[in-house]
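Topology and contacts: notes
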Amino acid sequence: MISSSHGFRESDSTRTVIFAPMAVLAVIFVLTWAAALANRYFEFVSLGTLLGVGALAFGIATAACACVGLRHLNRVECLSRTDSLTLLPNRRALHLDIQHEYRQGHEVALAMIDLDGFKLINDHYGHFVGDAAIRECAEIFRQISDGEAGVYRLGGDEYAMMIGGPVAGTLLEGLCRRIIERLAKPIHVEDRRLTLGASIGLARRTLQDDVPSSELLRRADIAMYAAKRGGKMRCTWFSPSFDKSREQLKEMDDELRQALARNEFRLHFQPLVDSNTRVIDAVECLLRWDRADGKCIGPNVFIPVAEESGLINSIGLWVLREACRNALAWNGITLSVNISAAQLRNPEFPIQLGHILEETGFDPDRLELEITETCLVLDPVVAERSLALIRSFGVKISLDDFGTGYASIGFLRQFRFEKLKLDRSLVVQASEDDGSRAMMLSSITVARAMKMGVTAEGVETEEQAAMVRAAGCDQIQGWLYFKAMPAKDIAQHLGKPIGRPRKSPNKGSKVA
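Keep in mind the model is a prediction, meaning the values are calculated, not measured.

Comments concerning the packing of aromatic side chains
Considering all chains together, one arrives at 8 aromatic pairs under this definition. Judged by centre distance (5.6 Å) and plane angle (85°), the rings of W289 and F302 are edge-to-face. Of the two residues, W289 sits in strand β9 (residues 280-290) while F302 sits in helix α9 (residues 299-309), which places them 13 residues apart along the sequence. Taken together through their ring pairs, the aromatic side chains of F265, W289, F302 and W318 make up a single cluster. It is R291 that lies over the ring of W289; its NZ or CZ is 5.9 Å from the centre.

This is the structure:
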């Protein structure tokens, strides 16, 4: 975010440098011309004297103009290396300082600092508060560095710190850990207490490692993204394996695009059983990828890659469209489809969902979108808007994997889910541990008070089924009754109570 006055200051300085000498020379020309006229009409002044005076005046004016010009050029150069919002050195200054350390023969350590949660502050409070938060963080970093490291703002919510000299890496890592510790506490902006964090990537250039400044920045940037993927609020040093991993991710991303074009994805559906009647009343859609080489890749592997590349939006729409077409003939059966955080953050998603419902003719009352707590924690403001629009179609919202994340009673009240799905780990632990059982029972009680349905996932034994049934769960999902199956196999199981439960294969309920 560059201040608009920055450009005007540079333009004013440039105009001064150009026009001031021209004005002085114009004055000298007029004076010399006037003196020449005086010499013509008044012979007491010799032409040589006039020319000498003119030359002296010209020399003095030229020197003055040069001094003024150099002063303004230095000012322009200084402005070109300064961030106008925080007055920190900018990216150009960072490159110049790194190259200076290289010429001195020093080891260089570089940290890329990216604020966690800054987008939420900008969206919720506006850019004025966002700019104030940027300035406050810059001041915090200045205080923590205390002259030991150079602090830079690279743009947006991204900063850098650099140290040159012996044990630069050790010193810089210590400063970065202090930054993470400080940003774990709220920062004060205007009259607000804002919660931010930081993900930091570190890279170093030793005396034996001849890399340009641009490569050092790239390594630190890759390490920073690795810190974000690792859970944020941490420091991560660059490793050559990161490059290999990125190459593999790029290769998989290319394969995913080809798989979507070649129709290599397929859907399976796992039935959910009414806990009282033991009749199927819902199915959950699960995605599989059967590659051309015969390998089956689980969604836990390729979905994160698709989310990072943005391809998840196209894949997710394909899943929704195909699932609605397949489930159209299963009268009275609710269709559950998982939605990723990236889809929910996409402002176009609710509109695209409406188009799919209209295109397929699927009843919105029969559609249930499953989202995880992570989807909501990452961007609650945008998520709440999207969910409100989705609900206006008549589509229900279910909170998946409850018991593994951050959800609180206030959280549940804010988003008003129609259903709570207890995670498999909570069900398994509840059958073995009194504390986990109490947690499961309290979760069901809260859900009931908020008029939410409750589904128990991952039920694998008759003992677990009896436990969740007695606890008040409405639906049971798991290998005890059904595994995920192709759409063509669903119809034969509908409308009749299930017979003898399947023997548990000791696997989870969701088949990848």
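So much for the structure itself; the text now carries on.
Some words on the pairing of β9
Counting buried positions over the 11 residues of β9 gives 9, a clear majority of the element. Relative to β9, strand β8 (residues 265-274) is paired through 9 bridges, and the arrangement is antiparallel. Bridging across to β9, F269 finds its partner in C285. Hairpin connection between β8 and β9: a loop of 5 residues separates the two successive antiparallel strands, and R278 in this loop has a positive phi of roughly 60°. Where β9 meets strand β11 (residues 334-338), 4 bridges bridge the pair, whose relative direction is parallel. Across the sheet, residue E284 finds its bridge partner in β11, namely S336.

Section: the sheet that holds strand β7 (residues 235-237)
Backbone-to-backbone hydrogen bonds pair the strands of a sheet. The strands run either parallel or antiparallel. Spatial strand order, β2-β3-β1-β6-β7: 5 strands in an open sheet with mixed pairing. Edge positions in the sheet fall to β2 (150-155) and β7, since each of these pairs with one other strand and no more. Between one strand axis and the next, the sheet turns through 25° on average, direction left out of account. Pairing of strand β6 (residues 197-205) with β7, which is carried by 3 bridges, proceeds in the parallel orientation. Across the sheet, residue I200 finds its bridge partner in β7, namely C235. Across the sheet, helix α6 (residues 168-183) touches β1 (108-116), β3 (158-164), β6 and β7, and the angle it forms with β6 is around 175°. Helix α7 (residues 213-229) rests against β1, β3, β6 and β7 of the sheet, and its axis sits at about 145° to β6.

Calculation criteria
Residues numbered from 1 in each chain as written. Predicted model: local features only at pLDDT ≥ 70, side-chain atom pairs only at ≥ 80, totals over all residues. Heavy atoms only, no water. Phe/Tyr/Trp six-rings, centres within 6.5 Å; stacked < 30°, edge-to-face > 60°. Helix = DSSP H or I, 4+ residues; strand = E, 2+ residues; numbered from the N terminus. Lys NZ or Arg CZ within 6 Å of the ring centre and 35° of its normal. Buried < 20%, exposed > 50% of the residue type's maximum accessible area, 1.4 Å probe, protein only. Pairing = 2+ DSSP bridges. Axes fitted to C-alpha atoms, helices over the stretch in contact; angles between N-to-C directions. Contact = heavy atoms within 4.5 Å.

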